[in-house]
Amino acid sequence: MQRRSIAVAAAVVAATAAAVAFTLPSLAGTTPESDSGTTKASANGGVSPDLLAAMKRDLGLDADQATTRLKRSKWAGGVSATLAAATGDSFGGAWIASDGTTLKVAVTDSGAAAVVKKAGAVPVMVKRSEAALDAAKSKLDAKVKSASGLTGWYVDAPTNKLVIVAQPGAATDPVAFAKSVGVPANAVTVKVSNRAPKPLFDVRGADPYFISVDGGTARCSIGFSVEGGFVTAGHCGTPGTTTTGFNNEAQGVVKASVFPGNADMGFVEVNGDWTPRPVVNDFKGNELPVAGNTEAPVGAAVCRSGSTTGTFCGTILAKNQTVRYPEGAVTGLTRTDVCAEGGDSGGPWLSGDQAQGVTSGGSGDCTVGGETFFQPVNEILAENSLTLLTTGGEQEGGATAAPTDSATAAPSEPAANACGDLPVQRSGSLAKSGTGQIQPDGGAFRARAGKHVACLNVPDGADFDLVLQRQTSNGFKTVAQATGSGDKTLSVDQRSGTFRYVVVDSSGSGDYSLGFNVQ
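Participant: Help me understand the packing of aromatic side chains, please; the structure alone is not making it clear to me.
Facilitator: Aromatic rings considered in pairs are described by the distance between their centres and by the relative angle of their planes. For the coordinates displayed, the defined rule picks out 10 aromatic pairs. Aromatic side chains Phe246 and Trp274 sit 6.0 Å apart centroid to centroid with 90° between the ring planes, which places their arrangement in the edge-to-face category. On the criterion of sequence distance, the pair formed by Phe246 in the loop between strand S17 (242–244) and strand S18 (250–258) and Trp274 in strand S20 (residues 274–276) is long-range, its members being 28 residues apart. You can call Trp274 buried: its relative accessible area is 1%. Aromatic rings pair up to connect Phe445, Phe499, Tyr501 and Phe516 into one cluster. Over the aromatic face of Phe312 sits the side chain of Arg57, whose NZ or CZ is 4.4 Å from the ring centroid. The cationic tip of Arg500 hangs over the ring face of Phe476; the distance from NZ or CZ to the ring centre is 4.1 Å.

Participant: How should I be thinking about the layout of surface pockets in this particular structure?
Facilitator: The volume enclosed by the largest pocket comes to roughly 1200 Å³. Lining the largest pocket are 42 residues, with Asp134, Asn320, Arg446, Ser496 and Gly497 sitting closest to its centre. Counted by class, the lining of the largest pocket contains 15 nonpolar, 16 polar and 11 charged residues.

Participant: Just checking my understanding: could you explain unusual backbone geometry for this structure?
Facilitator: Glycine aside, the phi torsion of most residues is negative, and most peptide linkages are trans. Backbone torsion omega between Phe259 and Pro260 reads -15°, so that peptide bond is classified as cis. Its location among the elements puts Pro260 in the loop between S18 and strand S19 (265–270). Between Gln439 and the following residue, Pro440, the backbone shows a cis peptide bond with an omega angle of 5°. Relative to the assigned elements, Pro440 resides in the loop between strand S30 (436–439) and strand S31 (445–447). The phi torsion at Asn320 lies on the positive side, around 55°, for a residue other than glycine.

Participant: Is there a simple way to explain the packing of helix H2 (residues 63–87) against helix H3 (residues 110–118) in this structure?
Facilitator: Axis angle and axis distance: for two packed helices, these are the angle between their axes and the distance between the axes, and together they describe the pair. Taken N-terminus to C-terminus, the directions of H2 and H3 make an angle of 155°; their axes are 10 Å apart at the nearest point. Classed by the angle they form, the pair H2 and H3 counts as roughly antiparallel. In this structure, H2 crosses over H3, and the sense of that crossing is right-handed. Contacts between H2 and H3 pair Leu83, Ala86 and Thr87 from the former with Ala112, Val115 and Val116 from the latter. When the residues that make up the contact of H2 with H3 are grouped by side-chain class, the tally is five nonpolar, one polar and no charged.

Participant: Honestly, the environment of Asn457 in this entry has me stumped. Any pointers?
Facilitator: Mapped onto the elements of the fold, Asn457 is located in strand S32 (residues 450–457). Residues Asn457 and Asp511, spaced 54 residues apart in sequence, show a C-alpha to C-alpha distance of 8.8 Å. Apart from the residues within four sequence positions on either side, Asn457 is in contact with Cys419, Asp487, Asp511, Tyr512 and Ser513.

Participant: Help me understand the pairing of strand S25 (residues 328–336), please; the structure alone is not making it clear to me.
Facilitator: One face of the sheet, then the other: side chains in a regular strand alternate in exactly this way. When you tally the buried positions in S25, you get seven out of nine residues, the bulk of the element. Two strands pair when backbone bridges link them, and strand S24 (residues 310–325) and S25 are joined in this way by six bridges, in the antiparallel orientation. Within S25, the residue paired with Tyr325 across the bridge is Gly328. Here S24 folds back onto S25 in antiparallel fashion, the turn holding two residues. Where S25 lies against strand S28 (residues 369–376), three bridges are found, and the strand directions are antiparallel. Note that in S28 the partner of Thr336 across the bridge is Thr372.

Cut-offs applied
Residues numbered from 1 in each chain as written. Predicted model: local features only at pLDDT ≥ 70, side-chain atom pairs only at ≥ 80, totals over all residues. Heavy atoms only, no water. Phe/Tyr/Trp six-rings, centres within 6.5 Å; stacked < 30°, edge-to-face > 60°. Helix = DSSP H or I, 4+ residues; strand = E, 2+ residues; numbered from the N terminus. Buried < 20%, exposed > 50% of the residue type's maximum accessible area, 1.4 Å probe, protein only. Lys NZ or Arg CZ within 6 Å of the ring centre and 35° of its normal. 1 Å grid on protein atoms, 1.4 Å probe; cavity = no way out; pocket = protein on both sides within 12 Å on 5 of 7 lines; lining within 4 Å. Points joined across faces, edges and corners; volume = space filled by probe spheres on them. Nonpolar A, V, L, I, M, F, W, Y, C, P; charged D, E, K, R; others polar. Axes fitted to C-alpha atoms, helices over the stretch in contact; angles between N-to-C directions. Parallel < 35°, antiparallel > 145°, perpendicular 65-115°, else oblique. Left-handed = near helix turned anticlockwise from the far one by under 90°. Contact = heavy atoms within 4.5 Å. Pairing = 2+ DSSP bridges.

Structure, rendered in structure tokens:
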């Protein structure tokens with residue numbers, strides 16, 4: 001049997017009854033015809049001309065301006081991840097300024113500010129660390145059921161506050177709600193909005209696929225191709241749900257799904273008749289290449305594709321937002337000003353050729369505009385141990401210095417993984433067996449979803465172990481370790497969170513050096 005190609009796409013209900021019981025999707029039109037498409041890349045830094053055209057329409061950027069912003073965003077994504085690790089407990093978040101090129105990084109002490117400036121970013125002194133604001137947000141998450149009339153909340157790095165989104169006349173007073181869980185009023189901003197977010201439910205990225213639901217058939221969009229299948233929104237099927245492709249042929253089965261809760265993520269394993277491919281359908285007869293998964297920062301330009309509305313672009317406004325859908329609250333979503341409609345759920349988001357996430361939900365439409373939330377793709381990959389399929393371009397964003405000319409220079413190449421070449425460096429000394437030291441500097445660091453890479457140089461004759469721990473509600477828990485004799489290396493994929501390294505003396509004594517990064 002001929003193998004069919006999966007590029008990657010969006011969700012909509014194909015109504016087969018007067019009313020469909022499945023509440024996640026909005027009703028949408030007919031399924032578009034499949035088109036094998038043509039993969040395009042331009043002379044403008046390898047960015048698809050069709051993506052550039054969408055950015056011109058939605059953001060008013062010409063090809064050179066758009067290419068510059070995308071290059072800068074990719075560089076900024078790598079640098080901000082490195083600075084989060086390097087500045088540890090003082091990191092307050094990162095974003096691209098309104099000029100589209102300046103990377104700003106918030107920190108709580110002057111020493112960290114010097115590190116930020118050296119990396120080519122602009123330091124901003126703030127009162128609260130990102131970890132402190134995330135902890136405050138978690139307190140709100142724990143009381144989500146008592147937040148009547150509040151549609152969500154998120155950490156806003158540029159203002160160094162929590163933003164609570166409330167509907168007009170909300171039964172719950174936002175400031176009083178925050179104060180009831182120990183969050184002071186001066187750490188909160190209230191945003192009033194009459195928008196009511198909902199999942200945009202409706203294998204090339206953005207191509208449609210179908211699942212059976214009570215009362216009919218629901219259509220979703222493929223997100224991105226991974227080894228063995230594709231990722232999509234979690235509300236597009238529960239584990240064990242079978243899927244069919246655009247041609248109504250058997251396609252695969254949902255192997256993992258989370259919705260609502262701490263994510264809106266899903267993974268579909270396809271059968272042998274379908275071939276996952278690293279491209280996205282733009283619904284204009286073209287395929288947009290997927291070259292990697294470097295996470296873009298707040299303020300970066302981003303585009304999405306979906307089987308209902310096609311390709312639209314806008315800006316990343318906030319990360320780690322809690323959104324209250326009718327089906328329940330979802331945490332960890334990214335907020336944008338890009339429009340979407342029913343049927344676009346599950347579809348892919350790109351910053352240039354870098355995969356960002358899959359459509360979760362939102363409000364408004366592509367006639368009057370709106371806001372849309374996406375589930376970060378790196379969280380899905382890390383949680384389910386999946387490998388993103390790419391065209392062979394760079395996948396990581398671990399840069400070391402800013403482009404010398406923000407208008408033309410490409411991001412720096414990632415450093416090699418030798419201990420001394422990793423961008424974050426710490427050193428220490430252990431005197432006797434059974435002791436240990438916490439790095440960086442006795443504290444912890446915030447990290448986006450991605451691969452943690454570390455290398456430990458130990459003194460001759462000594463046996464030092466390297467442990468990576470993640471902060472949980474019950475304290476720090478070990479997620480990876482490197483033991484045995486000699487120097488140690490460690491590499492592990494993790495979801496976003498707060499982490500620390502522990503260097504443990506098993507035998508011997510002496511000085512050690514530790515290099516690490518998050519890619």
